[in-house]
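# What the coordinates show
Here is what each chain is made of, one letter per residue.
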Amino acid sequence: MVRRPASGRTLRVRWNHGGMTRLLARHWTTSVPLLAAVVLAIAWATHPSGSAVIVLVVALAGAVLSAVQHAEVVAHRVGEPFGSLVLAVAVTVIEVGLILTLMASGGPDASSLARDTVFAAVMITCNGIFGLSLLVGALRRRVAVFNAEGTGAALATVATLATLSLVLPTFTTSRPGPEFSGSQLVFAAVASLLLYGLFVTVQTVRHPDDFLPVEESELEHHHHAPPSIRTTSLSMALLMVALVGVVGLAKMVSPAIENDVRAAGLPRSAVGVVIALLVLLPETLAALRAARRDRVQISLNLALGSAMASIGLTIPAIAVASIWLHGPLVLGLGATQMVLLALTVVVGALTVVPGRATLLQGGVHLAVFSAFVFLAASP
C-alpha cells in the first residue's frame, strides 16, 4: 500500500516530464525557423560583419536542425520514397534560386558559379554523404544492406546527368572554351529535366519498392500513427522557411568565409565548397539519422536524390535564365574535376552492385571526398 502511491507519483512525474519535453520540442521546432528568417531579414538589410557573424552561424545551425526535424514529420506522413524526395527537391529549388540571384548580380565573375556549385553538390552527396551513410550503417551492423536495383538506377541517372551537363561542354566545338552553344544548352536542359522526371516517376509510381529499405530495424516494427494533415502542412511550411534560412544565411556568411579563405591563401573555388557544405547540411544530418536507424537505403536515396535534383533542376533553370543573363556560361569541368567524377562513378558502381557494403566501401568514398576537398583548396 505504501509503494503503490509512490509508484503512481513516479509514473505521473515521468509522464509530465515526457509531456514537457514534447512541448518544448514542438515550440523549438516552430520558433527556430521563424527566428532564422528574422535574422536573415535583418542581416540582408544591415550586412553585419565582425562578431555579428557568430549570430548568423548560430541561426544557421538552428535552421539546419529544425529543417531535419520537420522533414522527418513530412516523411512520416507521406512515406518513403516520397519523404527523401521532398527534402532533396526543397533544398535544390531554393539553392537554384540562390545561384540565379548570384549570377544576375555577379557579372562575368559568376560565369562558372553554376558549374562549381553543381559539381560540389555531386561530390559532397555521392562521396561525402554516401560514404558517411555506409560507414555508420556498417559500424552498427558490420554490413550495410541496401537495395541494389534502386540505388544502381539512381547512380546511373546521376552519372548520365553529370556527363551530359558538365563533361560534354569541355569537348564541344561550337563555342570556344568549355561552353555550350544556345541549341546545345537547350538540349542539355530538356534532357536533364525529362530524365529527372522519368526517375521520379519510376521512384514514386512504377517501382517504389526498389527504393525502400531491404531490412527494417526493430524500431521500425513499432509503427506510430502518422501525423495529421494539419501538423504535416505546418511542418511543410516551416521546412520551407527553415531551408530559406539555411541557404540565405549561408550566403550571408559567405563574405566572412571568403575573407578567411583569402587570408589563408586558398583559391576562390574553396569558398564554393564551404557554401555547398553548409547548404547540404540538412540532407547530411537526415541521412546520418536514417543510417543510425539501420535505414541505409533512405540515406542513399537522400544522397543520390540530392545530386540528381541539383543537376536536373539547375541546368534547365539556367537555360531559361540565360535569356536575360549576359556574359559567358562556363559549364565544362576541368581535367582534375573530370578525373574525380569518373572515379566517383566507377567506385559507386562497384559499391552498389553487391547490395551490401562494409567499412571499406564507406572509407573509399570518404577518401574520394577528401581528395575533392583537398584539391579544391590546393589545385
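For clarity, every value in this text was computed on a predicted model and none was experimentally measured. (Residues numbered from 1 in each chain as written. Predicted model: local features only at pLDDT ≥ 70, side-chain atom pairs only at ≥ 80, totals over all residues. Heavy atoms only, no water.)

Secondary structure assignment for the protein yields 13 helices and two strands. In the protein, 85% of the contacts between residues at least 6 apart in sequence involve partners at least 24 apart. Accessible surface computed for the protein: about 18400 Å², of which carbon and sulfur atoms make up 68%. (Helix = DSSP H or I, 4+ residues; strand = E, 2+ residues; numbered from the N terminus. Contact = heavy atoms within 4.5 Å. Areas by Shrake-Rupley, 256 points an atom, 1.4 Å probe, with all protein chains shown as cover.)

Time to look at a nonpolar patch on the surface. Taken together, the side chains of Leu35, Val38 and Ile42 define a hydrophobic patch exposed on the protein surface, amounting to about 290 Å² of accessible area. Looking at the element boundaries, valine 38 is found in helix H1 (residues 3–46). (Patch = residues over 30% accessible without salt bridge, like charges linked within 9 Å, V, L, I, M, F, W, Y side chains within 5 Å. Salt bridge = Lys/Arg side-chain N within 4 Å of Asp/Glu carboxyl O.)

Below, the discussion takes up the environment of histidine 365. Turning to its location among the elements, histidine 365 is positioned in helix H13 (residues 359–377). Each C-alpha atom of the pair histidine 365 and leucine 132 lies 8.3 Å from the other, and the pair is 233 residues apart in sequence. Ignoring sequence-local partners within four residues, the contact set of histidine 365 consists of Cys126, Asn127, Phe130, Gly131, Leu134, Val347, Gly348 and Thr351. Separated by 3.3 Å, the side chains of histidine 365 and asparagine 127 make a polar contact. (Polar contact = N/O pair within 3.5 Å; in protein donor to acceptor, adjacent residues only side chain to side chain.)

What follows covers the confidence of the model for the protein. For the protein, the mean per-residue pLDDT works out to 81, and 85% of the residues sit at or above 70. The least confident element of the protein is helix H7 (residues 218–221), whose mean pLDDT is 44; the most confident is helix H12 (residues 335–352), at 95. Segment residues 217–222: pLDDT under 50, and five contacts once partners within four positions in sequence are set aside and those in other chains are kept. (pLDDT = per-residue confidence, 0-100.)

Counting through the fold element by element, threonine 314 comes out in helix H11 (residues 296–321). Owing to a relative accessible area of 2%, threonine 314 belongs among the buried residues under this scheme. What threonine 314 contacts, discounting residues up to four positions off in sequence, is Val96, Ile99, Val118 and Ala309. (Buried < 20%, exposed > 50% of the residue type's maximum accessible area, 1.4 Å probe, protein only.)

Now for the pattern of salt bridges. Oppositely charged side chains may form a pair once their charged atoms are brought near each other. Counted under the stated rule, the structure contains three salt bridges. Across the pair aspartate 116 and arginine 115 runs a salt bridge whose closest N-O atoms are separated by 3.1 Å. The salt bridge partner of glutamate 179 is arginine 175, with a shortest N-O separation of 3.9 Å. A relative accessible area of 15% means that glutamate 179 is categorised as buried. A relative accessible area of 38% means that arginine 175 is categorised as partly exposed.

The biggest cluster of nonpolar side chains holds 58 residues, and the ones touching the most others in it are Val122, Leu134 and Phe372. Not counting chain neighbours up to four residues away, the residues in contact with valine 122 comprise Asn127, Val158, Ala307, Ile311 and Leu341. Of all hydrophobic cores here, the second largest spans 37 residues; its members include Ala63, Ala71, Leu243 and Val246. (Core = buried A, V, L, I, M, F, W, Y, C linked by side-chain atoms within 4.5 Å.)

Aromatic rings in a pair are described by how distant their centres are and how their planes are angled relative to each other. All chains considered together, the criterion is met by three aromatic pairs. The interplanar angle of 80° and the centroid separation of 5.7 Å between the aromatic rings of phenylalanine 119 and phenylalanine 372 together place this pair among those described as edge-to-face. With a gap of 253 residues between them, phenylalanine 119 in helix H4 (residues 113–141) and phenylalanine 372 in helix H13 connect regions that are remote in the sequence. Each member of the pair, phenylalanine 119 as well as phenylalanine 372, is classed as buried. Aromatic side chains phenylalanine 199 and phenylalanine 211 sit 5.5 Å apart centroid to centroid with 85° between the ring planes, which places their arrangement in the edge-to-face category. Residue phenylalanine 199 is found in helix H6 (residues 182–206), and its partner phenylalanine 211 is found in the loop between H6 and H7; the two are separated by 12 residues along the sequence. On the basis of relative accessibility, which here comes to 8%, the residue phenylalanine 199 falls in the buried class. (Phe/Tyr/Trp six-rings, centres within 6.5 Å; stacked < 30°, edge-to-face > 60°.)

Of note in this structure, arginine 142 is not a glycine but carries a positive phi near 70°. Among the structural elements, arginine 142 can be located in the loop between H4 and strand E1 (144–145). Among the residues examined, arginine 142 registers a relative accessible area of 72% and is labelled exposed. Phi is positive for aspartate 294, which is not a glycine, with a value near 65°. Positionally, aspartate 294 belongs in the loop between helix H10 (281–292) and H11.

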